[in-house]
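Descriptive analysis of the structure
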Amino acid sequence: MTGGSRLPTDARPDDGCQNGGWRRGACPSLATPMQTGDGLLARLTPRDGDLSMAQLAALAEAAARHGNGLIEITMRGAVQIRGLTTASAEALAMDAAASGVMARQGLAVDVNALAGVDPLERCDPRPLAARIAGAVNGSALAPLLGPKVSVTVDSGGQFGLSALKADIRLLAVDASRWAMMLSLATGTRRAFRGDETAIASAALDMLAAIAALGPDARMRDVAAEIADGVCAGLVPVDPVPAQPAIIPVGIFPTVHGPAIGLTPPFGATDSVALRQLAAAFPQAPVRFAPERGLLLMGLDAAAQTRLRQIADDLGFIRRADDLRLRISVCAGAPLCASAAVATRPLAADLARDHRATLDAAVAPGQQLHVSGCGKRCGAPSRNVTPLDMPVGAAVVTGVFASHPHAERDRALTLETASAHLSQLSRVLHILGARHTRGDAPDPTPDALKNRP
Ligand code: SF4
């Protein structure tokens, strides 16, 4: 059995930068943590992809020593550590560096989670990514680009990147040619093909074109004529349709043997769970993956069996049919000062105690999003059915589904779908009252564990 299941691309949240209620347009990092309701939050993407288990354990230990021990994996496969102060954030960065965990800095250039070891990828995307990042970082262009400008370098394979938002999307056509896809002003889309050198050069020119429009500019602000001019030396081609995102749970082949994918429930685990995982499998290199994934590699059959039990004990999700995958949450109380409800414990109760209601109202591939206030951080951005429900005196939970129920299941009448949603509304009302701020339990994995 291989792993992964697909979610609709239009069910993806905007990006991880919203989750937690911070200023839109700014992204926290290890060097520049962001204020949230529970202190500073630092985000890091390992620069070199692989971490050893010793490094993962050191990072988890540092998260407990300097923060509140809660560790999140974002939709883009970055790690978030919370509950920091200005001083402890600096100490965290020093501890991470001392253990050899180097955080990516500068322009965000994302490659596939299994880059370089995926037997299904068309080429290794890392040299092209390094070429682009190396040319930008430290150059005069770098400070002119907005903090959310990003590039994906997608080799295809099992963890394609087309569901990730990016200003410039590069997709391997074969071992030596790439396509560059751009979503421009007024919704115009363009795609061009070229060899690695030509594509790298055009990508850098496109980044310069974005920067020329100001510090808040994105690719969507660039006029089609400008893009056509920049890409005049490339071959125009049809844009490649986006593929649905892969949920990184299950078994994924690599050239070194299978990788086992897990996700923490509702995107969050803690220092204790990660250290126990690292202690149980000290030889397994790990990578983070989009859709909040943790990929363990180099495990033999016996270790894979052991991992299933340990993952269950630690509350990780390892199966695509786990109902917790149908719920997304914002940070919620007590992590966000604006939150009226503790979103993660509420979601955990819903998945554990109201399985039939959740299963009936939210189909596989759909997402119910629970927000602690009306801002709806991290909610799916398009093709949603807004089901905002006030769930308590001063409590608002934003609930979304990715598609109308009648669309996803033609056998389901609108009347039946409506009945399912009414029942879900009643359940949310009860859970919302239970998890209002003040009554909110600590949203650590102990409170989130439940299994299908
Ligand atoms: S409580 Fe509101 S502001 Fe805070 S993370 Fe949730 S949606 Fe965003």
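Residues numbered from 1 in each chain as written. Predicted model: local features only at pLDDT ≥ 70, side-chain atom pairs only at ≥ 80, totals over all residues. Heavy atoms only, no water.

**Some points on the sheet that holds strand E13 (residues 250-254)**
Strands sit in the order E13-E14-E17-E16 across an open sheet of four strands; the sheet is antiparallel. With partners counted over all chains shown, the strands left at the sheet margins are E13 and strand E16 (286-289), one partner each. Pairs of neighbouring strands in the sheet enclose a mean axial angle of 30°, with direction left out of account. Sheet topology note: the strand E14 (residues 257-262)/strand E17 (residues 293-297) ladder contains four bridges and is antiparallel. Paired with Ile260 across the two strands is Leu296, which belongs to E17. (Pairing = 2+ DSSP bridges. Helix = DSSP H or I, 4+ residues; strand = E, 2+ residues; numbered from the N terminus. Axes fitted to C-alpha atoms, helices over the stretch in contact; angles between N-to-C directions.)

**Here's the deal with the side chain of Ser271**
By the secondary structure assignment, Ser271 is in helix H6 (residues 271-280). With a relative accessible area of 2%, Ser271 lands in the buried category. (Buried < 20%, exposed > 50% of the residue type's maximum accessible area, 1.4 Å probe, protein only.)

**As for the layout of surface pockets**
Left-over empty space is what a probe sized like a water molecule reveals as it rolls over the atoms. One number sums up the size of the second largest pocket: a volume of about 580 Å³. Around the second largest pocket, the lining is made up of 26 residues, and of these Pro46, Arg47, Gly49, Val109 and Val111 lie nearest the centre. Put simply, the parts of the chain that give the lining of the second largest pocket at least two residues each are strand E6 (108-111), helix H3 (126-136) and E16. By residue number, the principal contributor to the lining of the second largest pocket is H3, which donates four residues. Class assignment of the residues belonging to the lining of the second largest pocket gives a composition of 12 nonpolar, six polar and eight charged. (1 Å grid on protein atoms, 1.4 Å probe; cavity = no way out; pocket = protein on both sides within 12 Å on 5 of 7 lines; lining within 4 Å. Points joined across faces, edges and corners; volume = space filled by probe spheres on them. Nonpolar A, V, L, I, M, F, W, Y, C, P; charged D, E, K, R; others polar.)

**Concerning the pattern of salt bridges**
Inspection of the entire model under this criterion finds 20 salt bridges. Of the charged contacts in the structure, one is a salt bridge between Glu72 and Arg82, with a shortest N-O distance of 2.9 Å. You can see Glu72 sitting in strand E4 (residues 70-73) and its partner Arg82 sitting in strand E5 (residues 79-84), a full 10 residues away along the chain. Assessed through its relative accessible area of 0%, Arg82 is described here as buried. With a shortest N-O distance of 3.5 Å, Glu196 and Arg131 are connected by a salt bridge. Within this pair, whereas Glu196 is found in helix H4 (residues 196-211), its partner Arg131 is found in helix H3, the two being separated by 65 residues in sequence. Salt bridges linked by common partners bring Asp349, Arg352, Asp353 and Arg434 together as one network. (Salt bridge = Lys/Arg side-chain N within 4 Å of Asp/Glu carboxyl O.)

**Some thoughts on the packing of helix H1 (residues 53-66) against helix H2 (residues 86-98)**
Following both chains from N to C, one finds H1 and H2 inclined at 165°, their axes separated by 10 Å at the closest point. Taken together, the axes of H1 and H2 are roughly antiparallel relative to one another. Of the two elements, H1 crosses H2, and the hand of that crossing is right-handed. Mapping the contact onto sequence places Leu59, Ala62, Ala63, Arg65 and His66 in H1 and Ser88, Ala91, Leu92, Asp95 and Ala96 in H2. Of the residues contributing to the contact of H1 with H2, the split by class is six nonpolar, two polar and two charged. (Parallel < 35°, antiparallel > 145°, perpendicular 65-115°, else oblique. Left-handed = near helix turned anticlockwise from the far one by under 90°. Contact = heavy atoms within 4.5 Å.)

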